[in-house]
Protein chains: 2
Amino acid sequence: MPDLDVSTLHGSLTDRALNSMNFLNEISHRYPDAISLAAGRPTEEFFDLDDVPRYLARFATHLRDQGLSEPAVQRTILQYGRTKGIVHDLVARHLAVDENIHVDPEAIVVTAGCQEAMLLTLRAFRADDTDVLLATAPTYVGITGAARLVDLPVLPVPDGDLDELLSAIKTARAEGRRPRAFYVMPDFANPSGLSMDLDTRRRLLEIAAQEDLVLLEDNPYGLFPADGADRLPTLKSLDTDRRVIYLGSFAKTGLPGARVGYVVADQTTADGILADELAKLKSMVTVNTSPIAQAVIGGKLLANDFSLDAANHRERAIYSANLRTITDHLAAHHGELSWTTPTGGFFVVLTVPFPVDDELLARSAQDYGVLWTPMAHFYNTPVNALRLSCSSVNAAQLQTALDRLTAFLTDQLSAATHS
Amino acid sequence: MPDLDVSTLHGSLTDRALNSMNFLNEISHRYPDAISLAAGRPTEEFFDLDDVPRYLARFATHLRDQGLSEPAVQRTILQYGRTKGIVHDLVARHLAVDENIHVDPEAIVVTAGCQEAMLLTLRAFRADDTDVLLATAPTYVGITGAARLVDLPVLPVPDGDLDELLSAIKTARAEGRRPRAFYVMPDFANPSGLSMDLDTRRRLLEIAAQEDLVLLEDNPYGLFPADGADRLPTLKSLDTDRRVIYLGSFAKTGLPGARVGYVVADQTTADGILADELAKLKSMVTVNTSPIAQAVIGGKLLANDFSLDAANHRERAIYSANLRTITDHLAAHHGELSWTTPTGGFFVVLTVPFPVDDELLARSAQDYGVLWTPMAHFYNTPVNALRLSCSSVNAAQLQTALDRLTAFLTDQLSAATHS
């Protein structure tokens, strides 16, 4: 058979977002000796293989306590199962405890990671080619990629600014386009690290009502405020009008290897709720989320009285200390540059006076042994900034990585000055 | 917020295929006392919760044997992982042992169930609105639904007949459409139960080469020939020209609750293989398949020297006996009707002289306590036939179900005669 011509395959395959994700995944394999301030994966410090059977057993006990017979327990965990999931009730209790979000468990669809939740939601809202999605720029590459997979254009809202949002809505409508939703990460956003203040959250909900817009709230990092920082209420907890679809992940707070996420979609339709429509789509994407994987997350929720806030105090301390180490290091060595000072989460964005692209990253990895992420991956355009992630290194690795970064930056700045 | 208008959401949500899947999933919950000859799920007879930690431990030992350090073992199973999967090499060995399929493990993408494999493949091949998929009619509702999700029309090929296939290709091309692939289940197909003979397989491969068509071979039931029946070679094992994309499932042969499937896509592109393109799409659908779930399947493969044929001898005996019980019962009690006599798999199709729809199924469930599947769900048109599945009942349940079916059929036939 002759070579397949990639140009005859779906356009997303030559899209920047999909190749970006791929590039970022591959580069760490290409430079195994480089320390990664690129990966947004959670710390492995407390990984324990025995957790898996322990959480499974905890969930099985819970099912027995609910009155299920032994065959029914086995069937629940080992057989094909409910499309919307088997830990929806436990997720609802977690949301009540940790997020002050109170929803009917039937409004929750448990998904194969939060990425599937995004895909299902965007698939539902992309009905014809006038539909568009609005998203904070810079934004998570996973939402851009999912949008591309369903041929949904993404209109950038610079820094999530609400006046920019209103202006983007107005322009889109004037062009005959239909803005369906606005994607935001109000807490310690990926990649900026920044959060929305309370007034902005309230105003955003007002704008959503006034403009008849759905808000897609993605919250993977909310449980990781840095030392002393207060947590702000999520949009969904402030939402009295079912304007917010809440995208949830357990990758950072539960266990990444479970690949379990969820979407809260309590919006009503003429004869049901949006969650049931998303479930229909899910039945054609993954049928149902592995009940074994769900049982692991369910067991962790049960073992921690539904509080992942409580379950993550050690992880939070690591991220918090690492975040401070990064900003302290930048202040001590690079006072001439500017960077964001997040109050939590995984990411710091450093702005530099020279172009930052994948080639420069490869040089940093090869010659200096440190990986970071060019911010261009989160925009549609080149930008002179890089993202530093604090989550996947221990204190010693971080210090070495920052020293290497300083050597790299010093050489780059010197070269930039002399050119 | 006002009710969402479903007509402003993606068209698939009002499509027959998606609601069909939903209906079939729901009806068994609505009539919990009815015995199901509808479900295509595997037998639960040998389910054992302890299998999960045992298989996990087996896979972890394998990783240690490969030289991985303890942190690396933990990272492999608990952290985010390789997009194409972590059991691809074990799957390749299984394919060599059980299917005489020999492929580079790099050509395998491990997926969140075979459904995701279908979705990724159809997404790749649906580039513009001239693209169409060909599929045997009747066909699996999951392929119809996945096609609908990516707006890819499905052209039916009656009973998978090869002359019909050639004619469908010709007509489509004359209409300016681009037939991208032909979806087939050559072994014990869902829903017909029938298999393609060896000559037909060879001729199909010739047609694919001649018409420059890709074949999508789906093989969930191939390891379940009934007593005495020989297994025929899969299309992929006969494929010397990389014409066949092989869709694999472990739901019936491994463990349904793992939700692990895969796709073999060794077709070349200008600078790589199709599997890598599918992986890019996967990174935006589910990121990666739960490594915990993959480890369970990997452990089962390791524990059985890569042969799921050997691992399933007890299950095969059950399906084989049940299949014979169904056809013997039909011969003894319904000699005036016609049905398929499959040489393996899960399904028998019974043709009757009265209309068969969802309403009739509801009556059968409610008044006779037996569930089956209207064949209309696998076509675009009504059809007077029903599908009986032998897989999810034990011998005693099956006998009761068949007696109930006979009561139902007798009443229906009598009513049909008198009307």
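Residue numbers restart at each chain and count upward from 1, following the sequence in its written direction. Here every chain gets a letter starting at A, and every ligand a number starting at 1, in the order they are written. Reporting in this predicted model follows two pLDDT cut-offs: at least 70 for local features of residues, and 80 or more for side-chain atom pairs to be given and counted; totals over whole chains, interfaces and linings ignore these cut-offs and use all residues. Note that the side-chain values use all heavy atoms of the structure and ignore hydrogens as well as water.

The name an unreviewed UniProt entry gives chain A is (S)-3,5-dihydroxyphenylglycine transaminase, with Kribbella sandramycini as the organism. UniProt positions are given in the numbering used here, feature names are shortened, and annotations may be inferred rather than shown by experiment. Regarding chain A, the relevant UniProt record gives this comment under Cofactor (unreviewed entry): "pyridoxal 5'-phosphate".

### Remarks on the overall build of chain A
When helices and strands are counted, chain A shows 15 helices and 15 strands. A total of 419 residues make up chain A; the buried ones form 62% of that total. The contact criterion used is simple: two residues touch if any of their non-hydrogen atoms lie within 4.5 Å. Look at the contacts in chain A between residues 6 or more apart in sequence, and 74% of them connect residues 24 or more apart. Only the protein chains shown count as cover for residues, with accessible areas throughout obtained via the Shrake-Rupley method and a probe of 1.4 Å. Accessible surface, chain A: about 15,000 Å² in total, of which carbon and sulfur atoms supply 48%. Charge assignment: positive for Lys and Arg, negative for Asp and Glu; neither His nor the chain ends contribute. Charged side chains are reduced to one point each, which is NZ for Lys, CZ for Arg, CG for Asp and CD for Glu. Each charge class in chain A was averaged separately, 36 positive and 54 negative side chains, and the resulting centres sit 4 Å apart. Only DSSP runs of H or I covering at least 4 residues are called helices, and only runs of E covering at least 2 are called strands; the numbering of each starts at the N terminus. A simple rule labels every residue: compare its accessible area, found with a 1.4 Å probe on the protein chains alone, to the largest value its type can have, and call it buried under 20%, exposed over 50%, or partly exposed in between.

### Regarding the interface of chain A and chain B
Counting residues at the interface gives 86 residues for chain A, matched by 85 residues for chain B. Summed over both partners, the interface of chain A with chain B comes to about 7,300 Å²; 62% of that surface belongs to carbon and sulfur atoms. Buried area: the accessible surface (1.4 Å probe) lost by two parts on joining, summed over both. When the area that chain A buries against chain B is broken down by residue, the three leading residues are A:Met1, A:Tyr80 and A:Met284, summing to 12%. One salt bridge connects B:Arg123 with A:Asp151, and the closest N-O pair in it is separated by 3.8 Å. By convention in these notes, a salt bridge is any Lys or Arg side-chain nitrogen within 4 Å of a carboxyl oxygen on Asp or Glu.

### Some thoughts on the packing of aromatic side chains
Residue and element names in this part refer to chain A. Any Phe, Tyr or Trp ring, taking Trp's six-membered ring, that has another such ring centre within 6.5 Å forms a pair; planes under 30 degrees apart are called stacked, those over 60 apart edge-to-face, and the others tilted. Under the definition given, this model contains 20 aromatic pairs over all chains. For the ring pair Phe 224 and Tyr 319, a centre distance of 5.0 Å and an interplane angle of 90° mean the geometry is edge-to-face. Within this pair, whereas Phe 224 is found in the loop between strand E6 (214-218) and helix H9 (235-238), its partner Tyr 319 is found in helix H13 (residues 313-333), the two being separated by 95 residues in sequence. Each member of the pair, Phe 224 together with Tyr 319, is buried. Judged by centre distance (5.3 Å) and plane angle (40°), the rings of Phe 250 and Tyr 262 are tilted. Here Tyr 262 lies in strand E8 (residues 261-264) and Phe 250 lies in the loop between strand E7 (244-249) and E8, a separation of twelve residues in the sequence.

### Regarding the environment of B:Ser391
All names here are of chain B. Among the secondary structure elements, Ser 391 is positioned in the loop between strand E15 (385-389) and helix H15 (395-418). Each C-alpha atom, one on Ser 391 and one on Phe 347, is 8.2 Å from the other, the two residues being 44 residues apart in sequence. Beyond its immediate stretch of four places on either side in the chain, Ser 391 contacts Ala 39, Gly 40, Arg 41, Pro 42, Thr 43, Tyr 319 and Phe 346. Here the side chain of Ser 391 touches Arg 41 through a polar contact of 2.7 Å, landing on its backbone oxygen. Pairs of N or O atoms are called polar contacts if they sit within 3.5 Å, as long as, within protein, a hydrogen donor faces a hydrogen acceptor (for residues adjacent in sequence, only side-chain-to-side-chain pairs).

### Here we look at the environment of A:Phe182
All names here are of chain A. Residue position: Phe 182 is located in strand E5 (residues 178-184). As for Phe 182 and Val 244, which are separated by 62 residues in sequence, their C-alpha atoms are 9.7 Å apart. Contact partners of Phe 182, with chain neighbours within four places excluded, come to Leu 134, Ala 135, Thr 136, Val 157, Gly 160, Leu 165, Leu 204, Leu 213, Val 214, Leu 215 and Leu 216.

### Focus: the UniProt feature "domain: Aminotransferase class I/classII large" (unreviewed entry) in chain A
As recorded in UniProt, the sites labelled "domain: Aminotransferase class I/classII large" (unreviewed entry) are residues 74-405 of chain A. From the first C-alpha to the last, residues 74-405 of chain A spans 51 Å; its make-up is 42% helix and 17% strand.

### Comments concerning the packing of helix H14 (residues 358-368) of chain B against H15(B)
Residues and elements named next belong to chain B. The angle between two axes is taken between their N-to-C directions and runs from 0 to 180 degrees, where each axis is a line fitted to C-alpha atoms and a helix contributes only its stretch in contact. One way to put it is that H14 packs onto H15 with a least axis distance of 10 Å and a crossing angle of 125°. By the criterion of interaxial angle, the relationship of H14 to H15 is oblique. Judged by the twist between their axes, the crossing of H14 over H15 is right-handed. Every residue of H15 that contacts H14 at Leu 360, Arg 363, Ser 364 and Tyr 368 is listed here: Arg 404, Ala 407, Phe 408, Asp 411 and Gln 412. Per-class residue counts for the contact of H14 with H15 are four nonpolar, two polar and three charged. Put simply, angles under 35 degrees are roughly parallel, angles over 145 are roughly antiparallel, angles from 65 to 115 are roughly perpendicular, and the rest are oblique. For a crossing to be left-handed, the near helix must be turned anticlockwise from the far one by less than a right angle; the clockwise case is right-handed. Residues are grouped as follows: Ala, Val, Leu, Ile, Met, Phe, Trp, Tyr, Cys and Pro are nonpolar; Asp, Glu, Lys and Arg are charged; every other residue, Gly included, is polar.

### Overview of the sheet that holds strand E14 (residues 373-374) of chain A
Strand order in this open sheet of four strands is E11-E12-E15-E14 (chain A), and the pairing throughout is antiparallel. Single-partner strands in this sheet number two, and they are strand E11 (338-339) and E14 of chain A. When DSSP locates at least two bridges between a pair of strands, those strands are taken to pair.

### Focus: the sheet that holds strand E6 (residues 214-218) of chain B
Residue and element names in this part refer to chain B. One open sheet holds the seven strands; their spatial order is E2-E8-E7-E6-E5-E3-E4, and the pairing between them is mixed. What marks the edges here is a single partner per strand, and that holds for strand E2 (108-111) and strand E4 (154-158). The sheet shows a mean angle of 20° between the axes of neighbouring strands, direction not considered. Each of E2, strand E3 (131-137), strand E5 (178-184), E6, strand E7 (244-249) and strand E8 (261-264) is contacted by helix H5 (residues 113-125), which is oriented at about 155° to E7, the strand it contacts most. The strands touched by helix H7 (residues 162-174) within the sheet are E3, E4 and E5, with E4 carrying the most contacts at an inclination of about 150°.

### Remarks on the pairing of E2(B)
Residues and elements named next belong to chain B. The side-chain alternation of E2 yields two buried faces, one formed by Ile 108 and Val 110 and the other by Val 109 and Thr 111. Across four bridges, the pairing between E2 and E8 is antiparallel. Among the inter-strand pairings, Ile 108 is bridged to a residue of E8, identified as Val 264.

### Some thoughts on unusual backbone geometry
Following A:Ala137, the chain continues to A:Pro138 via a peptide bond in cis, the omega torsion being 5°. Residue B:Pro191 is reached from B:Asn190 by a cis peptide bond, and omega for that bond is 10°. Mapped onto the fold, B:Pro191 is located in the loop between E5 and helix H8 (198-211). Phi is positive for B:Asn100, close to 55°, though the residue is something other than glycine.

### Side note on the relation of the copies chain A and chain B
The relation between the two copies of this chain is a rotation about an axis and a shift parallel to it. Copies are brought into register by a least-squares superposition over C-alpha atoms of residues with pLDDT of at least 70 in both. The two copies are related by a screw operation: chain A maps onto chain B through 180° of rotation and 0.0 Å of translation along the axis, at an RMSD of 0.0 Å. The superposition of one copy onto the other is thereby described by a two-fold rotation axis. Closest to the rotation axis within chain A is the C-alpha of A:Pro53, separated from it by 2.8 Å. When the interface residues of chain A are mapped onto chain B, 99% of them again fall at the interface, so both copies present the same face.

### A closer look at the packing of helix H5 (residues 113-125) of chain A against helix H10 (residues 274-282) of chain A
Residue and element names in this part refer to chain A. Contact pair H5 / H10: the axes reach a minimum separation of 9 Å and the direction vectors enclose 105°. Between H5 and H10, the crossing angle belongs to the class labelled roughly perpendicular. Only Leu 274, Leu 278, Leu 281 and Lys 282 of H10 make contact with H5, whose side of the interface consists of Glu 116, Leu 120, Thr 121, Arg 123, Ala 124 and Phe 125. A class-by-class count of the residues in the contact of H5 with H10 yields six nonpolar, one polar and three charged.

### A few points about the side chain of A:Lys252
Its location among the elements puts A:Lys252 in the loop between E7 and E8. For the buried A:Lys252, no salt bridge is present, and the opposite-charge side chain at shortest range is A:Asp218, 8.2 Å distant. For A:Lys252, the side chain forms a polar contact with the side chain of B:Tyr80, separated by 2.7 Å.

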